[in-house]
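The chain contents come next:
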Amino acid sequence: MGVLDGQTGHPYGLHRVLAPERVLPQPAWKLDAESDLYDNELLIAVERLNIDSASFMQMREECRDDVNKIKQCILEIVAERGKMQNPVTGSGGMLIGTVEKTGPRYPHRHVRPGMKIATLVSLTLTPLKLEQINRVHLETGQVDVKGKAVLFASGPFAILPDDLPEAVALAALDVAGAPAQTARLIRGRERIVVMGAGGKSGLLSLCQAWKKAGTNGQVIALESRAEACAEIRQLGLAHQVLEVDATDPLAVYEAVSGATAGEMADLTLNCVNVPGTELPSILATRDGGTIYFFSMAVRFTTAALGAEGIGKDVQMMIGNGYAPGHAKLTLQTLRECPPLLELFRKRYGSC
Ligand code: NAP
């Protein structure tokens, strides 16, 4: 891919939207991943994708865990759309790779070819072309690929640290918004419930919750799988670990009510990767409390109409994946909690 002489792209990437017209790259159906580099863009030789967990779960189910079918599914989506955006879940993920080229007007002058970076923008708005998929890691949602991606002038990224395995950094950075928002939301809130607490975003959020509210507050982890619950208990980052199906509204209500003596949560963090958790989250939260819906499987209408339907006055936040300094905070969260880092190494670092 060459550099287009004197052609500056729109900082938000509008110049690469092929269809429909006049929309930004994220909601666009198709992006141009073929054109040469505009002079304010960055070209990445892509090595690995971290497919968003809700999207990966949907593909696993649809392909019945057949890795060849999952490969085919990813290749088809990227070929058709010029980006990795699962048409069912609408979500993407992020990537790591090596900087191949920067346009002469790319604003971040400290970035040099050869640097290893992770994009901190979603794959749903990242122009991507895949040559091949080498391996699908079924247990982690990471995918080894050979391809090229373009980062717009406005796109945040992180230079990969030397002290963590790349796959660990990728897994953590994919969900960097969750611990960063948790750290901000926790102020003045005592009873915190983390749903889907055993996954990437759940564990990192739990760690932040424990750091900020572990002494004076009550931190409750909710997970459906016994082994995941045992892992959380071993980490010692929660006062209670509830083994409950987060899609079961009554079970969640009863478990949280029991754990909080009927007070319910001041703050509920939803980090589950399957649909159907809106009402359980609402029921787990007290009137006047806050729910942070980080999960991509959450539906706005179900949450809004569900809260209205049961007359629950809760503040509901869409899980913005961005917060200033989120990448640094996330990696620091791992470094400051050796048992959590060990668990991430075990789960994500060996693939
Ligand atoms: P993850 O690592 O796969 O963790 C999901 C967790 O939810 C797992 O521990 C899983 O347990 C648990 N879970 C699944 N079904 C459950 C149930 N019925 N009851 C209780 N727990 C259940 O996922 P992640 O990467 O942390 O992502 C979590 C969510 O955030 C996903 O929906 C993802 O798409 C979304 N996300 C959002 C953003 C954003 O910017 N807002 C960015 C990245 C990801 P098992 O292991 O037992 O299945």
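Residues numbered from 1 in each chain as written. Predicted model: local features only at pLDDT ≥ 70, side-chain atom pairs only at ≥ 80, totals over all residues. Heavy atoms only, no water.

- Going by what an unreviewed UniProt entry lists, the protein chain is known as Zinc-binding dehydrogenase and is assigned to Thermoactinomyces daqus.

**Structural notes on the state of the cysteines**
Then, number 1: Tallied over the entire structure, the rule returns zero disulfides.
Then, number 2: Here Cys 63 stays free of any disulfide, with the sulfur of Cys 73 as its closest cysteine sulfur at 4.8 Å.
Then, number 3: Judged by its relative accessible area of 7%, Cys 63 is buried.
Then, number 4: With no disulfide of its own, Cys 337 lies 4.0 Å from the sulfur of Cys 207, the closest cysteine sulfur. (Disulfide = S-S within 2.5 Å. Buried < 20%, exposed > 50% of the residue type's maximum accessible area, 1.4 Å probe, protein only.)

**Some remarks on the pairing of strand S13 (residues 285-293)**
Then, number 1: Here strand S12 (residues 265-270) runs beside S13; their pairing, made up of five bridges, is parallel. Looking at the pairing, Leu 267 lines up with Thr 290 of S13.
Then, number 2: Read from S12 through helix H8 (residues 278-284) to S13, the crossover connection turns out right-handed.
Then, number 3: After leaving S13, the chain enters helix H9 (residues 300-309) and then returns to the sheet as strand S14 (residues 315-318), a path that is right-handed. (Pairing = 2+ DSSP bridges. Helix = DSSP H or I, 4+ residues; strand = E, 2+ residues; numbered from the N terminus. Right-handed = clockwise from strand over helix to strand, strands pointing away.)

**Describing the site of the ligand**
Then, number 1: Near the ligand you find 27 residues, and of these Asp 52, Ser 201, Glu 223, Arg 225 and Gly 319 are the closest.
Then, number 2: In the model, an oxygen atom of the ligand is placed 3.1 Å from a nitrogen or oxygen of the Val 272 main chain.
Then, number 3: In the complex, 87% of the free accessible area of the ligand, which totals 920 Å², lies under the protein chains.
Then, number 4: Breaking the shell around the ligand down by element, the ones donating at least two residues are helix H1 (53-62) and helix H5 (200-213).
Then, number 5: Grouping the constituent residues of the shell around the ligand by class yields 10 nonpolar, 11 polar and six charged.
Then, number 6: Looking at the shell around the ligand, you find at least three residues from each of domain 1 (3-160) and domain 2 (177-344). (Near = heavy atom within 4 Å. Polar contact = N/O pair within 3.5 Å; in protein donor to acceptor, adjacent residues only side chain to side chain. Areas by Shrake-Rupley, 256 points an atom, 1.4 Å probe, with all protein chains shown as cover. Nonpolar A, V, L, I, M, F, W, Y, C, P; charged D, E, K, R; others polar. Domains from an automatic or database assignment.)

**Digging into a nonpolar patch on the surface**
Then, number 1: A surface patch of nonpolar side chains, amounting to about 280 Å² of accessible area, comprises Tyr 12, Leu 14 and Leu 24.
Then, number 2: Position of Tyr 12 relative to the elements: it lies in the segment before strand S1 (17-19). (Patch = residues over 30% accessible without salt bridge, like charges linked within 9 Å, V, L, I, M, F, W, Y side chains within 5 Å. Salt bridge = Lys/Arg side-chain N within 4 Å of Asp/Glu carboxyl O.)

**Looking at helix H7 (residues 249-259)**
Each full turn of the α-helix corresponds to 3.6 residues, which orients residues three or four apart in the same direction.
Then, number 1: Of all the positions in H7, only Val 252, Ala 255, Val 256, Ser 257 and Ala 259 are classed as buried.
Then, number 2: The inward-facing, buried residues of H7 abut strand S9 (191-195), strand S10 (218-223), strand S11 (240-243), S12 and H8.
Then, number 3: At the N-terminal end of H7, a side-chain oxygen is found 3.3 Å from the backbone nitrogen of Leu 250, two or three residues along, and the residue is Asp 248.
Then, number 4: Looking one or two residues beyond H7, the residue adopting positive phi is Ala 261, at roughly 50°. (Contact = heavy atoms within 4.5 Å.)

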